[in-house]
Amino acid sequence: MVINELKEWNRMERAVVTGMGVISPLGHDTGSMWERLIRGESGIRSIEGLDTSRLRSRIAGVVTDFDAEGRFGRKEARKMDRFVQFALAAAEQAVDDAGLVMEQVDRERVGVYVGSGIGGLQTLLDQDGTLRERGPERVSPLLVPMMIANMAAATISIRYGAVGPTLSPVTACSIGNTAIGEALRLIRLGLADVVIAGGAEAAITELSLASFGNATALSTRNEQPMQASRPFDEQRDGFVMSEGAGIIVLESLSHAKRREARIYGEIIGYGASSDAYHIVATHPEGAGAQLAMRQALADAVITPADVDVISAHATSTGVGDRSEGQAIRRLFGEHADRIPVTANKSMLGHMLGAAGGVEAIALIQSLREGLVPPTINLEQLDASCGLTNVSNQAMKCPLTIGLSNSFGFGGHNAVIVAKRYEE
């Protein structure tokens with residue numbers, strides 16, 4: 001009886017999405033990214049500006065035409081690593097989109113849950129070069145605050161004077177879902193009215209490309225960059241690194257209604273688990289992924305048959321795609337044959353810590369419009385994945401509830417359940 005009462009108490013506050021912001025290789029706002037996703041466009045290109053001649057993989061999902069100095073001013077932009085610039089730009093979009101005026105809300109009840117998997121890697125590399133070439137006296141005193149992964153959340157908090165709970169989860173590629181899921185819990189418990197949540201990443205460097213490449217994790221389809229990311233396809237040969245940020249404004253329904261906010265959708269469930277298996281490899285049978293999905297459904301108080309669409313983690317690696325497919329098949333059983341599964345990374349590439357936030361936004365858009373983005377480059381389905389994929393063209397269908405998967409190095413798994421908003 002006590003457990004049931006606790007569950008009901010936790011659900012006193014519903015958590016709705018009132019604002020969304022995106023910086024991605026497919027556009028610098030939600031609308032642009034969404035339109036290109038639906039059209040099945042790829043944001044993967046050959047890398048420019050880096051010496052890639054000795055690298056195995058020379059392609060990535062790079063954010064182009066991003067004018068940080070134009071957005072923030074030269075002085076402020078120079079104090080932020082690129083991942084922080086992305087995070088702040090996406091957060092500003094989301095807050096503006098939500099119509100959230102900080103002077104009109106209780107800032108003590110506004111939280112910021114935004115993380116990054118790698119943080120300011122380029123800043124660290126630049127300053128290491130300065131140390132070696134010009135000596136310690138020339139190293140920037142801002143090195144540490146620019147590179148640490150919590151600085152995205154800190155900068156957003158400072159920008160808006162949000163003095164509520166601030167958290168920077170570091171759960172590798174599941175960060176976005178971890179941030180959104182933990183924000184959901186915060187709102188359900190009545191500990192915040194608003195949480196700015198998501199993830200950001202800007203780690204496309206020679207060093208990271210060399211490391212991932214030497215681990216044979218990256219696609220080497222360098223002559224066909226737009227065809228390189230191919231989740232669930234028989235010929236997939238690794239993921240494609242990408243960058244950007246995805247941020248949402250998550251708000252208690254009562255707070256959103258009081259200020260007559262536009263509501264895009266609702267987050268109704270969250271599940272998290274660990275593979276407890278390997279530092280980089282996913283569990284071959286997807287045991288941790290299945291557990292996180294099962295927990296998310298239980299948290300949402302729904303059954304597998306209630307799910308209308310799945311946004312897969314699907315990075316385009318052999319073992320990863322297969323284990324996720326098997327986990328979905330075991331959990332959903334025969335219903336898996338009726339659920340459309342989509343893989344946004346086929347077009348966006350793998351945005352690492354930013355992936356979950358961006359894919360959550362895409363899922364909310366899907367539920368609103370009854371439209372599932374395609375998985376492009378899926379020419380020959382790997383039968384061992386065992387899924388009903390949305391291949392190469394968007395699918396129009398009735399949608400109410402969707403599941404979004406995010407899994408990361410170290411075996412971190414985070415799954416959220418989103419719902420089309422209904423009064």
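Below you will find a few notes about this structure. No experiment lies behind these values; they were computed from the predicted model shown.

The subject of this paragraph is the overall build of the protein. The helix and strand tally for the protein stands at 15 helices and 14 strands. Each principal axis of the C-alpha atoms in the protein carries an extent, and together these give about 65 × 55 × 40 Å. For the protein, buried positions account for 60% of its 423 residues. Partitioning the contacts of the protein with sequence separation of at least 6, the portion at a separation of at least 24 is 79%. When the accessible area of the protein is evaluated, it comes to approximately 16900 Å², of which 50% is carbon and sulfur surface. Put simply, the protein has 40 plus and 50 minus side-chain charges, and the middle of one group is 1 Å from the middle of the other.

The subject of this paragraph is the sheet that holds strand β10 (residues 341-342). Sheet strands line up and pair through hydrogen bonds in the backbone, either parallel or antiparallel. Pairing in this open sheet of 10 strands is mixed, and the strands run β5-β4-β6-β7-β1-β8-β14-β13-β9-β10 from one edge to the other. In this open sheet, the two edge strands, each paired with only one partner strand, are β5 (166-167) and β10. Packed on one face of the sheet, helix α12 (residues 287-300) meets β8 (265-274), β13 (401-408) and β14 (412-419) and runs near 145 degrees to β8. In the packing of helix α13 (residues 318-332) onto the sheet, contacts are made with β9 (309-311) and β13, and the angle to β13 comes to roughly 140 degrees.

Here the focus is the pairing of strand β6 (residues 194-201). Within β6, eight of the eight residues are buried, which leaves it mostly tucked inside the rest of the structure. Where burial is concerned, the two faces of β6 agree: the one with V194, I196, G198 and A200 and the one with V195, A197, G199 and E201 are both buried. Two elements, strand β4 (residues 110-115) and β6, share six bridges in a ladder whose sense is parallel. Paired with Y113 across the two strands is A197, which belongs to β6. As defined by bridge partners, β6 adjoins strand β7 (residues 244-252) across eight bridges and the pair is classed as antiparallel. Across the sheet, residue V194 finds its bridge partner in β7, namely E251.

Attention shifts here to the nonpolar core. Membership of the largest hydrophobic core comes to 46 residues, with the highest contact counts inside it found for V17, M33, L37, V195, I248, L250 and I267. Filtering out sequence-adjacent residues up to four positions away, V17 remains in contact with I248, V249, L250, R262, I263, Y264, G265, I267 and I364. Membership of the second largest hydrophobic core comes to 38 residues, among which are A153, I156, V194 and V249.

What follows concerns a nonpolar patch on the surface. Side chains of I279, V280 and F409 sit close together on the surface and give an oily, nonpolar patch of about 290 Å² of accessible area. Inspection of the secondary structure assignment puts F409 in the loop between β13 and β14.

We now examine unusual backbone geometry. Despite not being glycine, T216 shows a phi value in the positive range, around 55 degrees. Among the secondary structure elements, T216 is positioned in the loop between α10 (206-214) and β7.

Those residues of helix α2 (residues 30-39) that fall on the buried side of the exposure criterion are T30, M33, W34, L37 and I38. Down the axis of α2, the buried set is contained in an arc of 130 degrees. They therefore lie on one face. Turning to α2, the residues buried within the fold contact β1 (15-23), α5 (82-98), α14 (345-348), α15 (355-369) and β11 (371-372). You can read the cap of α2 off the contacts: a side-chain oxygen lies 3.1 Å from the backbone nitrogen of G31, and it is on D29. Of the residues flanking the end of α2, it is G40, one or two places downstream, whose phi is positive at about 75 degrees.

Cut-offs applied
Residues numbered from 1 in each chain as written. Predicted model: local features only at pLDDT ≥ 70, side-chain atom pairs only at ≥ 80, totals over all residues. Heavy atoms only, no water. Helix = DSSP H or I, 4+ residues; strand = E, 2+ residues; numbered from the N terminus. Buried < 20%, exposed > 50% of the residue type's maximum accessible area, 1.4 Å probe, protein only. Contact = heavy atoms within 4.5 Å. Areas by Shrake-Rupley, 256 points an atom, 1.4 Å probe, with all protein chains shown as cover. Lys, Arg positive; Asp, Glu negative; His and termini not counted. Charge placed at Lys NZ, Arg CZ, Asp CG, Glu CD. Pairing = 2+ DSSP bridges. Axes fitted to C-alpha atoms, helices over the stretch in contact; angles between N-to-C directions. Core = buried A, V, L, I, M, F, W, Y, C linked by side-chain atoms within 4.5 Å. Patch = residues over 30% accessible without salt bridge, like charges linked within 9 Å, V, L, I, M, F, W, Y side chains within 5 Å. Salt bridge = Lys/Arg side-chain N within 4 Å of Asp/Glu carboxyl O. Arc of directions from axis to C-beta. Polar contact = N/O pair within 3.5 Å; in protein donor to acceptor, adjacent residues only side chain to side chain.

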